[in-house]
Amino acid sequence: MNTMKPSLMDYTQKELMEMIKPSFRVKQIFNWMYHHYAENFDEMKNIPKSMKEELSEKFVVNPLSIVNKEESSDGTIKYLLAMQDGKTMEAVWLKMKDAEIDCEGETVHEARYTICVSTQVGCKVGCSFCLTAKGGFTRDLTAGEIVAQVVTLKRDNEHKRNRKINIVYMGMGEPLDNLNNVAQAIKIFKEDEGLCIGGKRQTVSTSGLSTKIDKLGEMDLGVHIAISLHAVDDELRTELIPMNKAHNINSIIEAVKRFPIDTRKRVMFEYLVIKDKNDDLGSAKKLVKLLHGIKAKVNLIFFNPYEGTEYKRPTRADMVAFQEYLINHGLLCTIRDSKGIDISAACGQLKEKVEGEI
Ligand code: SAH
Ligand code: SF4
């Protein structure tokens, strides 16, 4: 079995300064990691050899390596990443907006990207529609393994540090079930001398651990939350997300109402639409009622089928009718483009495919 060394990406700059002296060297190391995306000590040219040798006995720089990558025609790139212990997980590079070039060839704005990160290998929640859940739970990711996903993808796409990027915690795993490491990663992303990705550019998606929603709120990190609601009554929600028994719809709605939200922002509610399960207008009507009084935005997601699932993808007509109902009743609502539909888009699907082939 491989030994796992801590990564320098596990720590904030201040924490590193407590461990490594002198402090200006930590500033240089931070610069190598987050401005130049250095993967190892060899790349850190201005750090003395003796110091690098000493540090490399205790730490690694970037704990991840790219195992596989699939690129979709819409610009989405799905990565399978390996950790020091050989375990793998996924991160996705999503193109949200194309670059706009005016008639004189000047760039009006550059293309915008979002990185979708994993927080665990597998997941304990066990949702019946989710491929990640099928493999059970292996382990939590460390803060450094979460941070390194963004560094690795920015490096691979030559995306400069000062270009804006959004992070969504929507890959494999339940972020609030690994709250300490996720919170640490959020702080490291926010560091001024690091990647400098503010809280408002980070969205934590949760299947609804209501007590942990409160905890995240108390940490006051300034992040957004997305709630994977998927159903409007507890019976169906428990079928889809078994832990709804302990954290029912009402407890989630109450926790959301307590969550500190930037006044200009909205709480995102993800609603995975499954044919003949929750795609009817009766459900849309209940959803409007449920979200009454919350500054909400609903994101409708097409269920993405995979081999062996009994659930079916809804028709576009039903999706549009559902969306229109919500909009006509005063809710903001988007239909999530099926990004990367040609490359096994939903979480867990690339890992399944690659490892199924080995
Ligand atoms: N555990 C967290 C974050 C990771 S799951 C959560 O559940 O919110 C990220 C998103 O992928 C969730 O909104 C989930 O509903 C969606 N997802 C899972 N399986 C899917 C599938 N087969 N088709 C489409 N979306 C899926
Ligand atoms: Fe876990 Fe989210 Fe998949 Fe549910 S949808 S099993 S919470 S990763």
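Up top is the structure these notes are about.
Conventions and cut-offs
- Residues numbered from 1 in each chain as written.
- Chains lettered and ligands numbered in written order.
- Predicted model: local features only at pLDDT ≥ 70, side-chain atom pairs only at ≥ 80, totals over all residues.
- Heavy atoms only, no water.
- Axes fitted to C-alpha atoms, helices over the stretch in contact; angles between N-to-C directions.
- Helix = DSSP H or I, 4+ residues; strand = E, 2+ residues; numbered from the N terminus.
- Parallel < 35°, antiparallel > 145°, perpendicular 65-115°, else oblique.
- Contact = heavy atoms within 4.5 Å.
- Nonpolar A, V, L, I, M, F, W, Y, C, P; charged D, E, K, R; others polar.
- Near = heavy atom within 4 Å.
- Polar contact = N/O pair within 3.5 Å; in protein donor to acceptor, adjacent residues only side chain to side chain.
- Areas by Shrake-Rupley, 256 points an atom, 1.4 Å probe, with all protein chains shown as cover.
- Salt bridge = Lys/Arg side-chain N within 4 Å of Asp/Glu carboxyl O.
- Buried < 20%, exposed > 50% of the residue type's maximum accessible area, 1.4 Å probe, protein only.
- Pairing = 2+ DSSP bridges.
- Expected span 1.5 Å × (residues − 1).
- Phe/Tyr/Trp six-rings, centres within 6.5 Å; stacked < 30°, edge-to-face > 60°.
- Lys NZ or Arg CZ within 6 Å of the ring centre and 35° of its normal.

**A short note on the packing of helix α7 (residues 210-219) against helix α9 (residues 249-258)**
The N-to-C vectors of α7 and α9 enclose an angle of 5°; their axes lie 9 Å apart at closest approach. Regarding the angle of α7 to α9, the classification is roughly parallel. Where α7 abuts α9, its residues S210, I213 and D214 lie against S251, I252, A255 and R258. Here the contact of α7 with α9 is built from residues that sort into 3 nonpolar, 2 polar and 2 charged.

**Concerning the site of ligand 1**
Around ligand 1, 20 residues are found, and the nearest of them are G173, S205, S228, H230 and N304. Within the backbone of G173, a nitrogen or oxygen atom sits 2.9 Å from a nitrogen atom of ligand 1. Side-chain polar atom of H230 to an oxygen atom of ligand 1: 2.9 Å apart, as the coordinates give it. Protein chains bury 94% of the 540 Å² of accessible surface belonging to ligand 1 in isolation.

**Structural notes on unusual backbone geometry**
Residue P22 is bonded to the preceding K21 through a cis peptide linkage, with omega at -10°. Along the chain, P22 falls in the loop between α1 (13-19) and α2 (23-34). Non-glycine residue Y37 carries a positive phi angle of around 55°. Along the polypeptide, Y37 turns up in the loop between α2 and α3 (49-58).

**Description of the pattern of salt bridges**
With the rule as written, the count across this model stands at 12 salt bridges. E39 serves as the salt-bridge partner of R155, at 3.3 Å between the closest nitrogen and oxygen. Highlighted residues: R155 in helix α5 (residues 143-156) and E39 in the loop between α2 and α3, separated in sequence by 116 residues. E39 gets classed as partly exposed once you look at its relative accessible area, which sits at 31%. Put simply, D85 and R139 hold a salt bridge, and the shortest N to O gap is 2.9 Å. Separated by 54 residues along the polypeptide, D85 in the loop between β2 (77-82) and β3 (88-97) and R139 in strand β8 (residues 137-140) bring together distant segments of the chain. A relative accessible area of 16% places D85 in the buried class.

**Quick notes on the site of ligand 2**
Near ligand 2, the surroundings consist of C123, V125, G126, C127, F129, C130, A133, G173, E174 and S207. Tallied by class, residues from the shell around ligand 2 come to 6 nonpolar, 3 polar and 1 charged.

**Looking at the sheet that holds strand β14 (residues 332-335)**
Spatial strand order, β1-β2-β3-β6-β9-β10-β11-β12-β13-β14: 10 strands in an open sheet with mixed pairing. Every other strand in the sheet has two partners, leaving β1 (65-71) and β14 as the edge strands with one partner each. Pairs of neighbouring strands in the sheet enclose a mean axial angle of 20°, with direction left out of account. Bridge count between β1 and β2: 6 bridges; the pairing is antiparallel. Bridging across to β2, I66 finds its partner in L81.

**Some remarks on α2**
In a regular helix each residue adds 1.5 Å, so 12 residues correspond to 16 Å; α2 covers 17 Å between its end C-alpha atoms and thus fits that length. By the burial criterion, the buried members of α2 are R25, V26, Q28, I29, F30, W32, M33 and Y34.

**As for the packing of aromatic side chains**
Counted by the stated rule, this structure contains 6 aromatic pairs. Seen in terms of ring centroids, F30 and Y34 are 4.9 Å apart; in terms of plane orientation they differ by 70°. Their pairing is edge-to-face. Placement of both F30 and Y34 in helix α2 is noted, with a separation of 4 residues, approximately one turn of the helix. Judged by its relative accessible area of 1%, Y34 falls in the buried class. Ring centres 6.0 Å apart and planes at 85° place the aromatic pair F303 and Y311 in the edge-to-face group. By the burial criterion, F303 is buried, and Y311 matches it. Chaining the aromatic ring pairs together yields one cluster made of F303, Y306 and Y311. Between the NZ or CZ atom of R313 and the centre of the ring of F302, over which it lies, the distance is 4.2 Å.

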